[in-house]
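Understanding the architecture of this molecule
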Amino acid sequence: MSVITLTTDFGLSDWFVGAMKGVILGINPAAQIVDITHQVPAGDIRAGGFALAACHQFFPQKTIHIAVIDPGVGSDRSAIAVQTKNHFFIGPDNGVLSPALEQNEIVAIHRLENRKFHSATVSRTFHGRDVFAPVAAHLSRGIAIRNLGSRATDRVHLRIPQAKTTRGRIEGEVLYIDRFGNAITNISKDQLDTFERGKVKVRVSVAVGKQTLPVDQFYEQVPAGHGLALIGSTNYLEIAVNGGNAARQFKLIPGSRIVLKEEKYPEV
Amino acid sequence: MSVITLTTDFGLSDWFVGAMKGVILGINPAAQIVDITHQVPAGDIRAGGFALAACHQFFPQKTIHIAVIDPGVGSDRSAIAVQTKNHFFIGPDNGVLSPALEQNEIVAIHRLENRKFHSATVSRTFHGRDVFAPVAAHLSRGIAIRNLGSRATDRVHLRIPQAKTTRGRIEGEVLYIDRFGNAITNISKDQLDTFERGKVKVRVSVAVGKQTLPVDQFYEQVPAGHGLALIGSTNYLEIAVNGGNAARQFKLIPGSRIVLKEEKYPEV
Amino acid sequence: MSVITLTTDFGLSDWFVGAMKGVILGINPAAQIVDITHQVPAGDIRAGGFALAACHQFFPQKTIHIAVIDPGVGSDRSAIAVQTKNHFFIGPDNGVLSPALEQNEIVAIHRLENRKFHSATVSRTFHGRDVFAPVAAHLSRGIAIRNLGSRATDRVHLRIPQAKTTRGRIEGEVLYIDRFGNAITNISKDQLDTFERGKVKVRVSVAVGKQTLPVDQFYEQVPAGHGLALIGSTNYLEIAVNGGNAARQFKLIPGSRIVLKEEKYPEV
């Protein structure tokens, strides 16, 4: 049984996701289809790419991941399938696959040119249904990726801002706000560890309001309503509030600057 | 493996959809259940019927489509199963199946009277769980539709407003607003083609604010934030905004009047 | 094929639910995963427990129910698996399983201590992905519950307020507001029946605004926009409005007091 995942900005109010699933099951009735999310903000390539990058690795080998955040649908933007060591990725070549691909060893990239693997009629506005779904279904039945179209040597790269470490200081930014209001940054566990190895307590200076938050390990280490920073389940630093919404409380949005500074404390 | 689709106004906050799936899997563990949408506005038969009509044809032959937008549940409204050439449809006989059925060749309509195929206890308020789910599961196991209850000769028809073509003019209206704010009208590709064959450029006069929009083929053909009309993935004319929300920008709701006029342009 | 259900407060905007499903399918590709709901208000153990209690019984025997409303994740709160006569339940030991367990005959409770059945790396903030999902997947493959960890003799009980019947009067409260605005109370069908047996008409006195509502059997028994009380699909009394939102109209929230009084009417 093959797993096909879906990451889109289609929402759940309409029939768009259902139509994609119908097309897939018409080609491969044994496909196991899993929704990652369909509530990526409309056209937000960065957020959709982040979501897929954050969870694709938890799926079995050979899972086929479709990402359709596709504001350029119908234009001459290219569409691609990418085979990596462990997975397949399918989507428009607009950067949405980029964050996930950067975590993987790419084996081959092919353009979705072969109409034989698309629906008989291809609309100008819904390639999720007419191109990406049927291509994924055919891949899941064992069609080789080289049959989908010509080989590409590269693909669109999405610039993902990197946190910078200088002596005694890490400067990063918020990349994603999750449903709880946790603000996930681009400061990695590894970067943070260079601090902790020095056995100095570390504090986050959130630029807005000059909040200083402790770095802890789980939410309930601070009193209810209080802020903290912790390494979240993505292995990146998150700003959170125990039982609350950090994005709202600290006015954080994607792009908000987060600075970590070493602070020496009097020994106890 | 049999596919059963669900279209309801139950939302996703409660356990209602989960309960339906539990009942189905209890009767047919091999059923493949696909959500079309559960976010039809509460009691909006027209919107639910539109969603099902827009995507049921993308599912494999013999798919069983359940639609539960059922404000009259518990009253003496009838419940039906309909076999068409390619699919089955199950729901209250209140018009919700009507838009889909009008696109299909009806083979038989039966009333859901035989309690043998309902749950042991049938509540007055949740026939989705107690009647429609078990009936669909039994159908998916191969029970013939004639066993479900007496044959009906007709069913409730939902009046769907038709666009009118007169010389040089098409008058239609908005039927559905999707999650992106695209306003889907009842003006079909065929109706529009009678214009395009004349090789005159066509413009949409949106009554509200007297906007005039170009008819194009995909969103990015107009600058970001600008409106356009295009044949959408349902094969009907949609009013859209590149990167924006047409319903909000042009104050469109279901029922808003849309007029297409031929306009001759100076030859280049 | 084994069914695994998910009840969480993870929402559908992020990748959290998708990650859990990926982990499950990696261990048991044949698992049939069903979402109950992911829109439990963040951290609302009571609401999540209510949802699971309201629908788990409709699933096939041996279904494995995971509930992750887990504000204490990462702290020393315990995590448990519970085998009952018909089902398995998995979650943090914080009361979220309590309402469902009280309807079932408990066979065994085990603590999720054996790391062999958790993911290789367990984060401090996402036990849904790293503990509950893999444990459920292993159970669904036939691992005996005793292998998961030491046997527990008890678990956290959530106090669920009981309605009180006195002569001619039942005092209860609202436990849950559903997506339609129906207010589900803790007054059971059995409690109501003690009244009806007396063949006196019963009316609900909603404290707020001193509304008096008829007890009826389905929504359309009162005119559109009017309130009523009826035994809902959970077998408890619900306050509803035909075609409307009772919670909004009568300002009801979980905890709102609902009083039933016998009222004699002149015989017709």
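Values in this document were obtained by computation on a predicted structure and should not be read as measured data.

**Topic: the overall build of chain A**
Secondary structure assignment for chain A yields 6 helices and 15 strands. Each of the 268 residues in chain A was classed as buried or not, and the buried ones make up 61%. For chain A, the share of sequence-separated contacts (at least 6 apart) that also reach a separation of at least 24 residues comes to 64%. Averaging the positions of the 30 positive and the 24 negative side-chain charges in chain A gives two centres separated by 2 Å.

**Focus on unusual backbone geometry**
The residue Lys251 of chain A is not glycine, and still its phi comes out positive at about 55°. With respect to the secondary-structure elements, Lys251 of chain A resides in the loop between α6 (246-249) and β15 (257-262).

**Section: the sheet that holds strand β1 (residues 3-8) of chain C**
Within the open sheet, the 7 strands sit side by side as β2-β1-β3-β5-β4-β6-β7 (chain C). Their pairing is mixed. Two strands lie at the open edges of the sheet, namely β2 (32-37) and β7 (151-152) of chain C, each paired on one side alone. Across 5 bridges, β1 of chain C lies against β2 of chain C in parallel orientation. Bridge assignment links Thr7 of chain C to a residue of β2 of chain C, and that residue is Thr37 of chain C. Across the face of the sheet, helix α1 (residues 16-27) of chain B comes into contact with β1 and β2 of chain C while running at roughly 150° to β2 of chain C.

**Here's the deal with the sheet that holds strand β3 (residues 64-68) of chain A**
All names here are of chain A. With mixed pairing, the 7 strands of this open sheet are ordered in space as β2-β1-β3-β5-β4-β6-β7. Each edge of the open sheet carries a strand with a single partner, namely β2 (32-37) and β7 (151-152). Strands β1 (3-8), β2, β3 and β5 (88-92) of the sheet are contacted by helix α2 (residues 45-55), whose axis makes an angle of about 150° with β1.

**Some points on the interface of chain C and chain A**
Counting from both sides, the interface comprises 32 residues of chain C and, opposite them, 31 residues of chain A. Taking both sides of the interface into account, the surface hidden between chain C and chain A amounts to around 2500 Å²; carbon and sulfur atoms contribute 60%. At the boundary of chain C with chain A, the tally comes to 0 salt bridges. Summed over the shared surface of chain C and chain A, the result is 12 residue pairs in polar contact (both at pLDDT 80 or more).

**Quick notes on the environment of Asn28 of chain A**
All names here are of chain A. Considering the arrangement of structural elements, one finds Asn28 in the loop between α1 (16-27) and β2. On the basis of relative accessibility, which here comes to 9%, the residue Asn28 falls in the buried class. Apart from the residues lying within four places of it in its own chain, the contact partners of Asn28 are Ala137, Ser140 and Arg141.

**Some points on the pattern of salt bridges**
Two side chains carrying opposite charge are able to pair once their charged atoms lie near each other. All names here are of chain A. Scanning the model with the defined rule gives 21 salt bridges over all chains in all. Between Arg77 and Asp70 there is a salt bridge whose closest N-O contact spans 2.7 Å. One exposure class covers both Arg77 and Asp70, and it is buried. The partner of Glu171 in a salt bridge is Arg169, and the shortest N-O contact between them spans 3.4 Å. Salt bridges linked by common partners bring Arg169, Glu171 and Arg257 together as one network.

**Observations concerning α2 of chain A**
It helps to recall that an α-helix has 3.6 residues per turn; residues three or four apart then point in one direction. Most of α2 of chain A is tucked away, with 10 of its 11 residues classed as buried. Buried within α2 of chain A we find Ile45, Ala47, Gly48, Gly49, Phe50, Ala51, Leu52, Ala53, Ala54 and Cys55 of chain A.

**A few points about the interface of chain C and chain B**
Counting from both sides, the interface comprises 31 residues of chain C and, opposite them, 32 residues of chain B. Between chain C and chain B lies a buried interface of about 2500 Å² when both sides are counted; carbon and sulfur atoms form 61% of it. Linking chain C with chain B are 0 salt bridges. The set of elements that each furnish at least two residues to the side of chain C that touches chain B consists of β2, α2 (45-55) and β9 (169-177) of chain C.

**Section: the relation of the copies chain C and chain B**
For the pair chain C and chain B, the superposition axis carries a translation of 0.0 Å, the fit reaches an RMSD of 0.0 Å, and the rotation angle comes to 120°. The transformation relating the two chain copies, once decomposed into turn and shift, fits a three-fold axis. With a heterologous cut-off of 20% or less, the 10% of interface residues of chain C that recur at the interface of chain B puts this contact in the heterologous class.

**Concerning the packing of aromatic side chains**
Using the criterion set out here, one finds 25 aromatic pairs over all chains in the structure. Residues Trp15 of chain A and Phe50 of chain B carry aromatic rings whose centres are separated by 5.7 Å and whose planes lie at 55° to one another, so their mutual orientation is tilted. One end of the pair, Trp15 of chain A, is in the loop between β1 and α1; the other, Phe50 of chain B, is in helix α2 (residues 45-55), on a second chain. The class for Phe50 of chain B is buried, based on a relative accessible area of 16%. A centroid spacing of 5.5 Å and a plane angle of 90° characterise the contact between Phe10 of chain C and Phe126 of chain C, whose relative ring orientation is edge-to-face. Here Phe10 of chain C, found in the loop between β1 and α1 (16-27), pairs with Phe126 of chain C, found in the loop between β6 (106-111) and α4 (127-140); they are 116 residues apart in sequence, far enough to count as distant.

**With respect to the relation of the copies chain C and chain A**
Mapping chain C onto chain A calls for a screw motion: a turn of 120° about the axis and a shift of 0.0 Å along it, with 0.0 Å RMSD after fitting. Counting the interface residues of chain C, we find that no more than 9% of their copies in chain A are interface residues as well, pointing to two distinct contact surfaces.

**Re the side chain of Ser98 of chain C**
Tracing the sequence through the fold places Ser98 of chain C in helix α3 (residues 98-101). When neighbours within four sequence positions are excluded, Ser98 of chain C is seen to be in contact with Arg155, Val156, His157 and Leu158 of chain C.

**A word on α1 of chain B**
All names here are of chain B. Helix length check: α1 (12 residues) gives 17 Å between terminal C-alpha atoms against 16 Å at 1.5 Å per residue, within 8%. The buried fraction of α1 is high, at 11 of 12 residues. Buried within α1 are the following residues: Phe16, Val17, Gly18, Ala19, Met20, Lys21, Gly22, Val23, Ile24, Leu25 and Ile27.

**Remarks on the confidence of the model for chain A**
When pLDDT is averaged across chain A, the result is 91; 92% of the residues are at 70 or more. Interface predicted TM-score (ipTM) for the complex: 0.93; the corresponding pTM is 0.94.

**Examining the side chain of Thr7 of chain A**
All names here are of chain A. Along the chain, the position of Thr7 falls in strand β1. Using a relative accessible area of 0% as the deciding quantity, one classes Thr7 as buried. The residues contacting Thr7, other than those within four sequence positions of it, are Ile36, Thr37, Val40, Gly48, Leu52, Ile66, Ala67, Val68 and Ile69.

**Points about the packing of α1 of chain B against helix α4 (residues 127-140) of chain B**
Residues and elements named next belong to chain B. Close contact between α1 and α4 brings their axes to 8 Å; oriented N to C, the two are set at 35°. Between α1 and α4 the crossing geometry is right-handed. For the pair formed by α1 and α4, the contact residues are Ala19, Met20, Val23, Ile24 and Ile27 on the first element and Gly128, Arg129, Ala133, Pro134, Ala137 and His138 on the second. Across the contact of α1 with α4, the residue classes tally to 8 nonpolar, 2 polar and 1 charged.

**As for the pairing of strand β14 (residues 236-241) of chain B**
Residues and elements named next belong to chain B. Extensive coverage of β14 is indicated by the burial of 5 of its 6 residues. Two elements, strand β10 (residues 183-188) and β14, share 3 bridges in a ladder whose sense is antiparallel. Its bridge partner being in β14, Ser188 is matched across the sheet by Tyr236. Strand direction decides the pairing type here: strand β13 (residues 227-231) and β14, joined by 5 bridges, are antiparallel. Bridging across to β14, Ile231 finds its partner in Leu237. Linking β13 back to β14 in an antiparallel pair, the connection comprises 4 residues, with Asn235 at a positive phi of about 70°.

Calculation notes
Residues numbered from 1 in each chain as written. Chains lettered and ligands numbered in written order. Predicted model: local features only at pLDDT ≥ 70, side-chain atom pairs only at ≥ 80, totals over all residues. Heavy atoms only, no water. Helix = DSSP H or I, 4+ residues; strand = E, 2+ residues; numbered from the N terminus. Buried < 20%, exposed > 50% of the residue type's maximum accessible area, 1.4 Å probe, protein only. Contact = heavy atoms within 4.5 Å. Lys, Arg positive; Asp, Glu negative; His and termini not counted. Charge placed at Lys NZ, Arg CZ, Asp CG, Glu CD. Pairing = 2+ DSSP bridges. Axes fitted to C-alpha atoms, helices over the stretch in contact; angles between N-to-C directions. Buried area = accessible area lost by both parts, 1.4 Å probe. Salt bridge = Lys/Arg side-chain N within 4 Å of Asp/Glu carboxyl O. Polar contact = N/O pair within 3.5 Å; in protein donor to acceptor, adjacent residues only side chain to side chain. Least-squares fit on C-alpha atoms with pLDDT ≥ 70 in both. Phe/Tyr/Trp six-rings, centres within 6.5 Å; stacked < 30°, edge-to-face > 60°. Expected span 1.5 Å × (residues − 1). pLDDT = per-residue confidence, 0-100. Left-handed = near helix turned anticlockwise from the far one by under 90°. Nonpolar A, V, L, I, M, F, W, Y, C, P; charged D, E, K, R; others polar.

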